[in-house]
Amino acid sequence: MKRPLALVGFSYLLALTVALFFGERLSPYFACTASILFTIFFLCKRFRKGMVLSASMLAAALAFSSFSAESSRLSCVENLHGLETEISGVVVDLPYNENYRTCYLLEVRRVENHEFPTNGRILVYAKEPIADGPGDCVEGTMRLFLPDGSTGAFGQRASLAAEGVYLYAFPVDEGAISVPDRENSLWISILSWKERLYDAADSVFSRSDSAFVKALLFGDKHELSEEVQENFRVSGVSHLLAVSGFHLAVVTQLLTLLLRALRLPRPVCVLGVAGGILLFMAKAGFSFSVCRSGIMCLTLLMGECCSRRADTMNSLGLAVLLLCLHNPYAAADTGFLLSASATAGISLYAGRLQKALERLHGSHPLLHRLLRPVYALLASTLGALLFTLPLTLPLFGTISPAAIPANLLMMVPSSLLLQLSFLTVLLAVVAPGAASIAALPVSWLCRYLKSCADFLSDLPFASFSFSGREAFLWLGCALFLFGLAVLLGRSRPKFRLTGLLCVILFLVTLLAHQISLRNVTSCSVLSSGDGISIVLTRNGRAAVVGCGGYSQSPVLRELDAQNIKELDLLALVSGSFEEGSNAGHTLEKKPAAILLCDRESLANATLLNGSEKAGETICCEKGYTVSLWDDAVSIERTEDFVRILCGNEKILLWPEKAEEEKLPEDWKDCTILVMEETPESLAGFSPDYGIFCMDEDTVSRVWHMDYSFLPLATEDGPIEIRIGEENTTQVRREL
């Protein structure tokens, strides 16, 4: 067995992923099955050679058992859903603002009359500040909720459990929350130092540059604009804003150069770099991706101390194993999975791809020197993309071809920016005047990176949707073909032929997917919190009805996934301030031929500025009727209500604070009711589906009522309604 730790680590991780997918009830049965297989493989001489199968089954049995035990330990949390109870805990992270609330991460010390997992955490959303910062002890009555209704392998509940967060909490009365004491610990001291670094960054950089530097250095994207985050995501370089191996490798290299420049003894340099790695991991919040990289770097340093060279795949396997042993829900952290997969791809195939690229220009020495760094970067990008594709397709349903030029243009400047901003922030703590000068090149690099992401995200097919059954079919066939190629024997011609077949299959599947959507109207009700956001698409054209909710990002993300650059129509529904702001930001990125809104909505400066990107702005005070795409879709408004007619479907939108008496009687005859708030009475309504566009706190109060229709909630994910030419309708949700 050449790489035992890699085998055991990835077997353990794969088993945890399977356990997450099938749930805790089947985990004990999987553990028994894996144990039986381990015994068979260990005792049978035919399979004992190399111990590969035995080690894999043993790791899988331990993984299933640990997941089952952890799930049982957390079962007490489900009993707290919907309860109002007295809670005491300690703030263990820096507060931040989200969805117009202040968020606090609370490590629970006591839940009145109920059990709670040791060191378990809750995420508190407060309308008013309830604590000053980390270390504050908080006590008060709160209403508890489980994170959304999604219990899938990568649902919000599982991903938050990976961070040790088990419940959402909403104070019943912020004024009644008390802070009786304050705790001090090493972690609280680290957070205080982190807060000081935040203040230093704010003092030397502009607001936008400071937010970008915080995202790059600390992985904190709460202050970074939604537009910048979306540009990086569409361009395929969002990993630059998530602290991981790239960031830690750059910082490690910088620390090594600085300590060696001081001519310190080698053991002192190694200890200094190791200490720097641990501090960097701490300031990044010990996220799984940065811990994975940190363990690998520490293993490499340990090998140097022992005059041994650490194997990359074994180091990666060790890091994966340690993190999964610490928390069985680590497999639910998508950042961790993508980080581990990308590292494996780079380790296994980047070198081979680089050699293949270098053979393209022959043995010309000058070209070899000039292009070698480019080939190295391109090979690493392709290796990472190849190994993360089986994850990104089922998880996100998009492919970003722009990732290749984006990484070539942005990786080296990002490395330089990371080092300069790191030194500038440290300098700002001790010498603010000198830091102001050093901040100039940092600002230039920030502008360059944001401009690159903005330019690349606007390119045609920078990112496109490839999801659903077609994506899973192609992915399954591709994995089968590569598995068959491995079983038939390793040879370059077989792998080349397999790769070519996968590309042909991908193009055929994509073409078939586009043909299947021809003359089909898609109505996507997006997950945007407490507000209605609907994207209508047909034959490559699009319209947006409503931009409610916490942000414009869900709308832009859906439009980018459909490769939509311009809108035929953008119509506001509620006329709220948040909807006007979101619509203005949407128009900045996606100009519309027609903007429909109330005259009062244009008092919003963001919407007024965005309206300049609209071909025509029409203010409709009472109502309107608009037909789109050869009368395939009709959008009507009367008073507070909006109705979408398509085929046999009548979709009624019920905005917040809508007055029911103003609703025409014939409009009650709808097939789908989309609600921002529930009507006082549903008498006269008989829809097939009711869609609640509400946040977690609101939807939990109405979810368990008895309805004559099938209730759905956008909080669990976007809902797509596909209406075909033959008046066939599909209501879809990707799990």
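As a reminder, the structure under discussion sits directly above these lines.
All of these numbers come straight from a predicted model, not from anything done at the bench. Position labels on residues start from 1 in each chain and follow its written sequence. Predicted model: local features are reported for residues with pLDDT of at least 70 only, side-chain atom pairs are reported and counted for 80 or more only, and whole-chain, interface and lining totals are derived from all residues. By convention in this description, side-chain values take in all heavy atoms of the structure and omit both hydrogens and water.

Caption draft 1: Focus on helix H11 (residues 288-305). For H11, which comprises 18 residues, the first-to-last C-alpha distance of 26 Å matches the rise-based estimate of 26 Å (1.5 Å per residue) to within 8%. The buried count for H11 comes to 13 of 18 residues, which makes it a mostly enclosed element. A run of H or I in DSSP becomes a helix once it reaches four residues, and a run of E becomes a strand once it reaches two; helices and strands are each numbered from the N terminus. Downstream of H11 by one or two residues, Ser-307 has phi in the positive range, about 55°. Take the number of residues in a helix, subtract one, and multiply by 1.5 Å to get its expected span. Relative accessibility decides the category of a residue: with a 1.4 Å probe and only protein chains considered, values under 20% of the type maximum give buried, values over 50% give exposed, and everything between is partly exposed.

Caption draft 2: Structural context of the side chain of Ser-611. Checked against the element boundaries, Ser-611 lands in the loop between helix H21 (605-610) and strand E14 (616-619). Residue contacts follow a heavy-atom distance rule, with two residues in contact if any of their heavy atoms lie within 4.5 Å. Once residues within four sequence positions are removed from consideration, Ser-611 is found in contact with Leu-587, Leu-595, Leu-602 and Thr-617.

Caption draft 3: Broad picture of the packing of aromatic side chains. Pairing of aromatic rings covers Phe, Tyr and the six-membered ring of Trp, with a centre-to-centre limit of 6.5 Å; geometry is then stacked below 30 degrees between planes, edge-to-face above 60, and tilted otherwise. One pass over the full model with this rule turns up 17 aromatic pairs. Each ring, one from Phe-641 and one from Trp-654, has its centre 5.0 Å from the other, and the planes form 75°; the classification is edge-to-face. One end of the pair, Phe-641, is in strand E17 (residues 641-646); the other, Trp-654, is in strand E18 (residues 649-654), and 13 residues separate them in sequence. For Trp-654, a relative accessible area of 2% corresponds to the buried category. Counting every residue linked through ring pairs, the aromatic cluster contains Phe-21, Phe-22, Phe-30 and Phe-64. Here the guanidinium or amino end of Arg-352 rests over the ring plane of Tyr-349, the centre of that ring lying 5.3 Å away. By definition, being over a ring means that NZ of Lys or CZ of Arg is both within 6 Å of the ring centre and within 35 degrees of the ring normal.

Caption draft 4: Structural context of a nonpolar patch on the surface. Together, Leu-497, Leu-500, Leu-501, Ile-504 and Val-508 make up a nonpolar patch on the protein surface, roughly 450 Å² of accessible area in all. In this fold, Leu-497 is placed in helix H18 (residues 492-516). Patch membership is restricted to residues that have no salt bridge and whose relative accessible area is over 30%. Joining uses 9 Å for like charges and 5 Å for the nonpolar side chains Val, Leu, Ile, Met, Phe, Trp and Tyr. Residue exposure ignores everything except the shown protein chains as possible cover, and the areas themselves are Shrake-Rupley values with a 1.4 Å probe. The salt bridge definition used is simple: a Lys or Arg side-chain nitrogen within 4 Å of an Asp or Glu carboxyl oxygen.

Caption draft 5: Highlighting helix H4 (residues 52-73). For H4, spanning 22 residues, the distance from its first C-alpha to its last is 32 Å, which sits close to the expected 32 Å at 1.5 Å a residue. When we look at burial in H4, the residues that qualify are Ser-54, Ala-55, Ser-56, Ala-59, Ala-60, Ala-61, Ala-63, Phe-64, Phe-67, Ser-68, Glu-70 and Ser-71. Packed against the buried residues of H4 are helix H1 (4-22), helix H2 (27-43) and strand E6 (165-171).

Caption draft 6: Summary view of the pairing of strand E16 (residues 633-638). Burial analysis of E16 places five of its six residues in the buried class, the great majority of the element. Pairing analysis gives six bridges linking strand E15 (residues 623-628) to E16, with the strands arranged antiparallel. Its bridge partner being in E16, Ser-627 is matched across the sheet by Ser-634. Count of turn residues in the E15/E16 antiparallel hairpin: four residues, of which Trp-629 carries a positive phi of about 55°. Being paired, for any two strands, means DSSP has found at least two bridges between them. Here E16 pairs with E17 via five bridges, running antiparallel. Across the sheet, the residue bridging to Thr-638 is Phe-641, located in E17.

Caption draft 7: Representation of the side chain of Arg-292 in the model. In this fold, Arg-292 is placed in helix H11. Here a polar contact is taken to be a pair of N or O atoms separated by no more than 3.5 Å, where protein atoms must pair a possible hydrogen donor with a possible acceptor and residues adjacent in sequence count only if both atoms sit in side chains. Among the polar contacts made by the side chain of Arg-292, one reaches the side chain of Ser-339 at a distance of 2.5 Å. Of note is the side chain of Arg-292, whose polar atom sits 3.3 Å from the side chain of Thr-343. Residues contacting Arg-292, with those up to four places away along its chain left out, are Gly-245, Leu-316, Ala-319, Leu-323, Phe-336, Ser-339 and Thr-343.

Caption draft 8: The arrangement of the sheet that holds strand E10 (residues 533-538) in detail. Read across the open sheet, the eight strands follow the order E14-E13-E12-E11-E10-E9-E22-E23; overall the sheet is mixed. This sheet does not close on itself; its edge strands, each paired only once, are E14 and strand E23 (729-732). Each adjacent strand pair in this sheet contributes to an overall mean axis angle of 15°, direction not counted. Strand direction decides the pairing type here: strand E9 (residues 521-525) and E10, joined by four bridges, are antiparallel. Looking across to E10, one finds that Cys-523 is bridged to Leu-536. Axes here mean lines fitted to C-alpha atoms, for a helix over just the part in contact, with angles spanning 0 to 180 degrees between N-to-C directions.

Caption draft 9: Molecular detail of the nonpolar core. What makes a nonpolar core is a set of buried Ala, Val, Leu, Ile, Met, Phe, Trp, Tyr and Cys residues whose side-chain atoms join them at distances within 4.5 Å. Phe-116, Ile-122, Phe-212, Phe-232 and Met-410 are the most contacted members of the largest nonpolar core, which has 120 residues in total. Contacts of Ile-122, omitting those with residues within four sequence positions, involve Ile-87, Tyr-104, Leu-105, Leu-106, Val-108, Phe-116, Val-165, Leu-167 and Ala-169.

Caption draft 10: View of the pairing of strand E20 (residues 689-692). By the bridge criterion, four bridges tie strand E19 (residues 672-675) to E20 in an arrangement that is parallel. Its bridge partner being in E20, Ile-672 is matched across the sheet by Tyr-689.

Caption draft 11: Structural context of the pattern of salt bridges. Within this structure, the stated rule accounts for 21 salt bridges. For Glu-659, the salt bridge is made with Lys-662, and the minimal N-O distance between the two is 3.6 Å. A residue is classified by how much of its surface remains accessible, and Glu-659, at 33% relative accessible area, is partly exposed. Residue class for Lys-662 comes out partly exposed when judged on its relative accessible area of 33%. A single salt-bridge network, built from bridges that share partners, covers Glu-107, Arg-109, Arg-121 and Glu-183.

Caption draft 12: Quick peek at the environment of Leu-301. Checked against the element boundaries, Leu-301 lands in helix H11. Leu-301 sits in the buried class, given a relative accessible area of 12%. Taking the C-alpha atoms as reference points, Leu-301 and His-239, separated by 62 residues in sequence, lie 25 Å from one another. Sequence-distant contacts of Leu-301, that is, excluding residues within four places in its chain, are made with Val-270, Val-273, Ala-274 and Ile-277.

Caption draft 13: Local environment of the packing of helix H9 (residues 245-261) against helix H10 (residues 266-283). Contact geometry for H9 and H10: axes closest at 9 Å, N-to-C directions at 145°. Like other packed secondary-structure pairs, H9 and H10 cross with a definite hand, here right-handed. Residues His-247, Leu-248, Val-251, Thr-252, Leu-255, Thr-256, Leu-259 and Arg-260 of H9 touch H10, and the partners they reach there are Cys-269, Gly-272, Val-273, Gly-276, Ile-277 and Phe-280. In this classification, Asp, Glu, Lys and Arg are treated as charged, Ala, Val, Leu, Ile, Met, Phe, Trp, Tyr, Cys and Pro as nonpolar, and every other residue, Gly included, as polar. Residue composition of the contact of H9 with H10, by class: eight nonpolar, five polar and one charged. Crossing handedness is defined as follows: a turn of the near helix away from the far one that is anticlockwise and smaller than a right angle gives a left-handed crossing, while the clockwise case is right-handed.

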